[in-house]
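Descriptive analysis of the structure
Here are the chains, one letter per residue:
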Amino acid sequence: MKRLVLLLAVLLLPVTARAGDMRVWRIETPDGQSVTEICTEPSVGDHYIAGDNAEYEVVTVTEGRAVAQPCGVAMLPGLDWMDERDAVAVMSPQRRIALYCTHTDESYEPSDGVYSSEGRGSICDVAQALARQLTERGVDARVDETLHHPHDAGAYRRSRQTAVQLLRSCAPDCLLDIHRDGIPDPESYAVTIGGQKASKIRLLVGRGNQNGESNRAFALMVKAVADRVYPGLIKDIYMGRGAFNQDLLPGSLLLECGTYTLEKERVLASMPMMADVLDRALYGGVVGAAGNVQSDAGLAARRGGVVQGQADYQRGDTQEVGSGLLFLGAIGLLGIVGLSLLSAGSMRGGMRKAGRSLREMTGGLVGRKPEPGEEHDHS
Amino acid sequence: MTASSLILVIAAILVYCGLIQRVLDRMYLSDRAALLLTGLMLAGSFLPPVRLGRVELGLGGGLIPLGVCLWLLVHAGREERFRTLLGCLLTASAIYALGALLPSEAETLPVDPTLIMGIPAGLLAWILGRSRRGAFVCGVVGVLAADAAVALLNWQRGTAAVLRLGTGGLADAAVISGVLAVLLCELMGEAAERLTRRRLRKGERT
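Just so we're clear, the structure is a prediction, and the values are computed from it rather than from any experiment.

All names here are of chain A. In terms of strand pairing, strand S1 (residues 25–28) meets strand S2 (residues 34–38) through 4 bridges, oriented antiparallel. Directly across from Ile-27, in S2, lies its bridge partner Thr-36. Linking two consecutive strands that pair antiparallel, namely S1 and S2, is a turn of 5 residues; a positive phi of about 90 degrees is found at Gly-32 within it. In terms of strand pairing, S1 meets strand S5 (residues 65–73) through 3 bridges, oriented parallel. Each bridged residue has a counterpart across the sheet, and for Arg-26 the counterpart in S5 is Arg-65.

This paragraph deals with the pattern of salt bridges. All names here are of chain A. What the rule picks out here adds up to 26 salt bridges over all chains. Put simply, Asp-276 and Arg-280 hold a salt bridge, and the shortest N to O gap is 3.2 Å. Taken together, the residues span about one helical turn, with Asp-276 and Arg-280 both in helix H6 (residues 264–283) at a distance of 4 residues. When its relative accessible area of 6% is taken as the criterion, Asp-276 is described as buried. Taking the relative accessible area as the measure of exposure, Arg-280 reaches 8% and is therefore buried. Where salt bridges share partners, they join Arg-120, Asp-125, Glu-145 and Lys-264 into one cluster.

We now examine a positive patch on the surface. Together, Arg198(B), Arg201(B), Lys202(B) and Arg205(B) give the surface a local cluster of positive charge. Tracing the sequence through the fold places Lys202(B) in helix H8 (residues 173–205).

Moving on: the interface of chain B and chain A. Taken residue by residue, the interface counts 76 residues in chain B and 66 residues in chain A. When chain B packs against chain A, close to 6300 Å² is buried across both sides, 60% of that on carbon and sulfur atoms. Per-residue buried area on chain B facing chain A is highest for Leu8(B), Glu107(B) and Arg164(B); these three make up 12% of the total on that side. The tally of links from chain B across to chain A stands at 2 salt bridges. Between Arg164(B) and Asp144(A) there is a salt bridge, and its shortest N-O distance comes to 3.5 Å. Elements with a minimum of two residues in the side of chain B that touches chain A: helix H1 (3–24), helix H2 (31–45), helix H4 (78–101), helix H5 (113–116), helix H6 (118–129), helix H7 (132–156), strand S3 (163–165) and H8 of chain B. Looking at the side of chain B that touches chain A, the element that brings in the most residues is H1(B), giving 10 residues. Tallied by class, residues from the side of chain B that touches chain A come to 41 nonpolar, 16 polar and 19 charged.

Bringing the packing of H4(B) against H7(B) into the picture now. Residue and element names in this part refer to chain B. Remark: H4 packs on H7, axes separated minimally by 7 Å, with the N-to-C direction vectors making an angle of 45 degrees. With respect to their mutual orientation, H4 and H7 come out oblique. Considering how the two elements wind past one another, H4 and H7 form a crossing that is right-handed. Residue-level inspection shows Glu-80, Thr-84, Gly-87, Cys-88, Thr-91, Ala-92, Ile-95 and Tyr-96 of H4 in contact with H7, the latter providing Arg-133, Gly-134, Val-137, Cys-138, Val-141, Gly-142, Val-143, Ala-145, Ala-146, Val-150 and Leu-153. Partitioned by chemical class, the residues of the contact of H4 with H7 number 12 nonpolar, 5 polar and 2 charged.

Turning next to the packing of aromatic side chains. Residues and elements named next belong to chain A. The final tally for this structure, using the stated rule, is 4 aromatic pairs over all chains. The interplanar angle of 35 degrees and the centroid separation of 6.3 Å between the aromatic rings of Tyr-48 and Tyr-56 together place this pair among those described as tilted. Considered together, Tyr-48 and Tyr-56 belong to a single accessibility category, that of buried residues. With 4.8 Å between their ring centres and 80 degrees between their planes, Tyr-115 and Tyr-260 make a pair best called edge-to-face.

What follows concerns the sheet that holds strand S4 (residues 54–62) of chain A. All names here are of chain A. Pairing is mixed in the open sheet, where 11 strands are placed in the order S2-S1-S5-S4-S3-S12-S11-S13-S8-S6-S7. Strands with a single pairing partner mark the edges of an open sheet, and in this sheet they are S2 and strand S7 (140–144). For this sheet the average axis-to-axis angle between neighbouring strands, irrespective of direction, equals 25 degrees. In this sheet, strand S8 (residues 174–181) lies alongside strand S6 (residues 96–100) in parallel orientation, the contact comprising 4 bridges. Residue pairing for S8: Tyr-100 is matched across the bridge by Asp-177.

What counts as what
- Residues numbered from 1 in each chain as written.
- Chains lettered and ligands numbered in written order.
- Predicted model: local features only at pLDDT ≥ 70, side-chain atom pairs only at ≥ 80, totals over all residues.
- Heavy atoms only, no water.
- Pairing = 2+ DSSP bridges.
- Helix = DSSP H or I, 4+ residues; strand = E, 2+ residues; numbered from the N terminus.
- Salt bridge = Lys/Arg side-chain N within 4 Å of Asp/Glu carboxyl O.
- Buried < 20%, exposed > 50% of the residue type's maximum accessible area, 1.4 Å probe, protein only.
- Patch = residues over 30% accessible without salt bridge, like charges linked within 9 Å, V, L, I, M, F, W, Y side chains within 5 Å.
- Areas by Shrake-Rupley, 256 points an atom, 1.4 Å probe, with all protein chains shown as cover.
- Lys, Arg positive; Asp, Glu negative; His and termini not counted.
- Charge placed at Lys NZ, Arg CZ, Asp CG, Glu CD.
- Contact = heavy atoms within 4.5 Å.
- Buried area = accessible area lost by both parts, 1.4 Å probe.
- Nonpolar A, V, L, I, M, F, W, Y, C, P; charged D, E, K, R; others polar.
- Axes fitted to C-alpha atoms, helices over the stretch in contact; angles between N-to-C directions.
- Parallel < 35°, antiparallel > 145°, perpendicular 65-115°, else oblique.
- Left-handed = near helix turned anticlockwise from the far one by under 90°.
- Phe/Tyr/Trp six-rings, centres within 6.5 Å; stacked < 30°, edge-to-face > 60°.

This is how it looks when you write it as structure tokens:
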């Protein structure tokens, strides 16, 4: 009987779970000033970097409203290398960027007439446009248009396979998941850059994985370059709970390209700018696989045979990787200690079990290999 | 990719492979066989999937874990086999329902959607048979069956989606779900055993 009740409880778990609705959450400062809007529930500990680089941390979340505490100004990486004059374009390494869309149904209402498409949504056109622009800059850009319908909690599970396929097939430097936002107000994304009507882009970083800090560093580099070359293009950076498949590769980002109430044409107009920003942030802006054409005089500075923009990114990335390794170490240690303690009941017994596991895993390379008849801790 | 990023990726793979080896070690397999299978799954993750019409089957994340599940079912007793198969059906239903009912935006969920699918598998396997082996089968088969159900519905609606089964290799949700289900089952099993032991000891004293 007990088992039956437990079984029913497990089966009813999904029914009692709250169904996802695309409601807009308002993030405010403690004194009630509006910071931003986001169409999914923020969590305590989320970080937000506004367009003016002011950084906030979400401290409380109540019904429909989150309070974020200002925590200074985010330090964007230096861009001195962009001021170099008479730069010499150098042989660039193989440059690859992979793109996919987790929510392949996403569309733009004013242009497509629908919020979400039954088949291939026009978000795929946005991904293709970005890839085309990157290709024109000599970047090997690959788009995987595999559909991950329906738009539910399983979409990231399905798109994970697409992301892994892309990593396997082209080993990219950067993995981009292209989305559009669900905020109803088109003005929050509408922008005019250089007299051209365009759309802002929000960068989303998943903080719940070992690559969180590394991806944050990449997002900051992208924003720094965009702020310099196309001010207003990057709306902001949101670092939320979850992984968004960004645990697969350091250098992964989720781009919210406009919102559903904005014309697709405006979003498409932003893609040449975004491609330029990505090219500069990752590769210093040297056009052509052999690096024999310069995109802009004085942009790609040569420093010891490495494009300076890339060198800066590499340096920033190296600093952030340490926290990723610590994250992994902590998870591993916690798992080993937790399970060993639980099964042995004491610290000494737990250490003995952990030691035995290590000897088993290394086949005797570390310590004495356990004998076949030796006590085994599991059934 | 930068050298430091590569180190981070390699470290993540090593930690994860260690975890998988520990889990496979609990599956009627010798230490060496568990190590070999982990290596094969890792190697299979780098190979292209097998394509059969609209279906793609991954080697490291689909074929090998499914082979392990088949091996476990063959070696299980009649009752355990029945419980495991029932668990697979219930897990697939629970995963499908979770996908449909939980919020679609990953940041809204308390646990990442890739990780969440191992939870019903571990819970159901523990309730049905207190079996770690059953948990692994439920975790792997449950995710793959739920994906197949979604693809069937997509095809019925006329959406030309490809059904990918375990093409994510070691990082695939099916493998993650199997591993998490075993760990959850182990955690609950050990916790319940310790509670029972403590209660028995108290009873002896009184």
